[in-house]
Amino acid sequence: MEESISNETVSSENIIQEKAERIRDVIRYISKFKNAAVVIHLDDRVIDSPLFSSHIRDISLLHEAGLRVIIVPGAKERIDNNLTEAKIPWKNKNGSRITDESAMPIIKDAAFDVANIVMTSLAGQHLTAVIGNWVRARGKGVLEGIDYATAGEIDRIDVSTLETVLNNGFIPIFPCIGWSLNGKPYNISSTQLASQIAVHIKADKLFYILPNAELSEKYFSIPEGAGLSPEGCIPAMNIEELDDFLLLNKKADKAKLKNMSIHKDFFENIINIVKLARNAVTSGVTRVHILNGSLEGTLPCEIFSDLGSGTMIYASNYGKFRAMRREDIAAVLSLIRPFVKKKVLLPRTQKQFEQTFNDYIVYELDGAVRACAALHIYDRTQAEIACVTVDETCSHIGIGPKMIDYLLEKARTINLDNVFILTTQTADWFEKIGFRPDSIDTLPPERKAKWNPKRGSKLFRLKLH
């Protein structure tokens, strides 16, 4: 009976700790992104879906949390259907819809209809949105003998008026229509428009929300060594990793498309958005997120948690290794606590960390410590890699191996002969990267004195030279 009560207490402690950590994440992100500019592209298939009202509610919560929201609704499906009903021929070429001038009134009406749906839904959340003609465009003209007619390119975005609208607390909505200097309308790509707006205002975040959007191994070739979520999706990519992804996916894998019943248009659309994301990030947008609009809650989950629900594309400022600081001790104690309870790690105290924190590195993810490890140096020739800990929410993105590589490089830089580890459960992994079993008797005397035969940790050593 006493054991049952003890187990229930431990379980309750774990649940409370997990809840507290989630709440801390939300508070941290609200503080981080207050007054941040956020551009959201909503595919019109998402707007027509049963989950649209849920996404609008989430967008309103972002606005209430102090984020400055801009919405760019897509209208491709609506325009295609309306042109088909009107029996007006059209075709797609290089991402642009080609049709004659008679189609423009229908295209314009469809684009503004979709924008009005979004505006009305926001009004239902007691938010004021404004639909504006803030985009100057020019005709694409004739390229390689093809007349693009009503298709336009973005010339200029009226950023000053946009800032005024945002500063007044309104939500701007951009239809996929641009206007020439003499007032002629052109059909422009809504995905490209979202990217250009984000670039012009140096947005903190750009979201693409579309049905079934997954950068996963089900649909795409995944670069070797890429960290994947439990569902097989890429949670985050920097520019270098993104370039590897694009190189592997120059062409659609016909076998995957057939097996998963995916249309080639789906593949090409996602790849086009990935390329737009790359351009946005390299042009100053902090982060771009590709989200599955078929999942409820995907937007707040992505923005208010470290690894979110979709794929984030970023430059190089997302996660980083750095030296541990004294003020990190509380976070590191919290990080290792679950592993101490499982007896994977030895317990460590506040006082021990205060004496040795200079030996540690941490992995910081959006301002939160999500991993740590130590390099304890002995007699100027050897060192111990110890307390290797990765938050379970981040265990699938490759932080552990990168952290070990970081410490091994540090050991080589200071000309150590070898490093060793003591482990009870991770021997196979360390052997895989070159560590070899060794005798406990070879430990430095001060470390051997702390070795506990009851725990039975095994020694593995890696020669560096």
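Notes on the structure in this doc start here. (Residues numbered from 1 in each chain as written. Predicted model: local features only at pLDDT ≥ 70, side-chain atom pairs only at ≥ 80, totals over all residues. Heavy atoms only, no water.)

1. Comments concerning the overall build of the protein chain
Then, number 1: When helices and strands are counted, the protein chain shows 16 helices and 23 strands.
Then, number 2: Taken over 465 residues, the protein chain has a buried fraction of 49%.
Then, number 3: With an accessible surface of roughly 23000 Å², the protein chain has 51% of that area assigned to carbon and sulfur atoms. (Helix = DSSP H or I, 4+ residues; strand = E, 2+ residues; numbered from the N terminus. Buried < 20%, exposed > 50% of the residue type's maximum accessible area, 1.4 Å probe, protein only. Areas by Shrake-Rupley, 256 points an atom, 1.4 Å probe, with all protein chains shown as cover.)

2. A few points about the nonpolar core
Then, number 1: Membership of the largest hydrophobic core comes to 50 residues, with the highest contact counts inside it found for Val39, Phe174, Leu193, Ile197, Leu206 and Phe245.
Then, number 2: Top element by residues in this core is helix H10 (residues 264-282). It accounts for 10 residues.
Then, number 3: If we ignore the near neighbours within four places in the chain, the residues touching Phe245 are Leu215, Phe220, Ser221, Ile222, Pro223, Ile234, Met237, Ile271 and Val274.
Then, number 4: Core analysis: the second largest hydrophobic core is formed by 38 residues, Leu42, Ile71, Ile171 and Phe207 among them. (Core = buried A, V, L, I, M, F, W, Y, C linked by side-chain atoms within 4.5 Å. Contact = heavy atoms within 4.5 Å.)

3. Quick word on the sheet that holds strand E21 (residues 418-423)
Then, number 1: The strand order across the open sheet built from 7 strands is E17-E18-E19-E20-E21-E23-E22, with neighbouring strands paired in mixed fashion. Both outer strands of the open sheet, strand E17 (319-323) and strand E22 (436-438), are each paired with one neighbouring strand and no more. Strand-to-strand twist of the sheet, defined as the mean angle between neighbouring strand axes without regard to direction, takes the value 30°.
Then, number 2: Judged from the 7 bridges that link them, strand E19 (residues 368-378) and strand E20 (residues 382-390) form a sheet pairing that is antiparallel. Of the residues in E20, the one forming a bridge with Tyr378 is Gln382.
Then, number 3: Its contacts with the sheet place helix H12 (residues 329-341) against strand E18 (360-365), E19 and E20, and it is angled at close to 85° to E19. (Pairing = 2+ DSSP bridges. Axes fitted to C-alpha atoms, helices over the stretch in contact; angles between N-to-C directions.)

4. Points about the side chain of Thr99
Then, number 1: For Thr99, the position within the fold is in the loop between strand E4 (96-98) and helix H5 (104-123).
Then, number 2: A distance of 2.8 Å separates a polar atom in the side chain of Thr99 from the backbone oxygen of Pro89. (Polar contact = N/O pair within 3.5 Å; in protein donor to acceptor, adjacent residues only side chain to side chain.)

5. Points about the packing of aromatic side chains
Then, number 1: Applying the stated criterion across every chain, the model contains 10 aromatic pairs.
Then, number 2: Look at Tyr219 and Phe266: their rings are 5.2 Å apart centre to centre, the planes differ by 75°, and that puts the pair in the edge-to-face class. Of this pair, Tyr219 sits in the loop between strand E13 (205-210) and strand E14 (236-238) while Phe266 sits in helix H10; the two residues are 47 residues apart in sequence, bridging distant segments of the chain.
Then, number 3: For Tyr219, a relative accessible area of 13% puts it in the buried group.
Then, number 4: Looking at Phe266, the relative accessible area reads 19%, which means it is buried. (Phe/Tyr/Trp six-rings, centres within 6.5 Å; stacked < 30°, edge-to-face > 60°.)

6. Describing unusual backbone geometry
Then, number 1: Positive phi values are uncommon outside glycine, yet Lys87 reaches one of about 60°.
Then, number 2: Tracing the sequence through the fold places Lys87 in the loop between helix H4 (76-85) and strand E3 (91-93).
Then, number 3: Of note, the phi angle at Lys202 is positive, near 55°, even though the residue is not glycine.
Then, number 4: Within the element layout of this structure, Lys202 appears in the loop between helix H7 (190-200) and E13.

7. Describing the pattern of salt bridges
Then, number 1: As enumerated under the stated definition, the model contains 19 salt bridges in all.
Then, number 2: Of the charged contacts in the structure, one is a salt bridge between Lys184 and Glu101, with a shortest N-O distance of 3.7 Å. Taken as a pair, Lys184 in the loop between strand E11 (177-179) and strand E12 (185-187) and Glu101 in the loop between E4 and H5 lie far apart in primary sequence, 83 residues in all.
Then, number 3: Owing to a relative accessible area of 33%, Lys184 belongs among the partly exposed residues under this scheme.
Then, number 4: Three or more residues joined by partner-sharing salt bridges are found here, namely Lys320, Arg322, Asp328 and Glu364. (Salt bridge = Lys/Arg side-chain N within 4 Å of Asp/Glu carboxyl O.)

8. Let's talk about the packing of H4 against H5
Then, number 1: The N-to-C vectors of H4 and H5 enclose an angle of 140°; their axes lie 9 Å apart at closest approach. One way to sum up the angle between H4 and H5 is to call them oblique. Every pair of crossing elements has a handedness; the one defined by H4 and H5 is right-handed. Between H4, through Arg78, Ile79, Asn82 and Leu83, and H5, the contact on the second element is made entirely by Ile106, Ile107, Ala110, Asp113, Val114 and Ile117. (Parallel < 35°, antiparallel > 145°, perpendicular 65-115°, else oblique. Left-handed = near helix turned anticlockwise from the far one by under 90°.)

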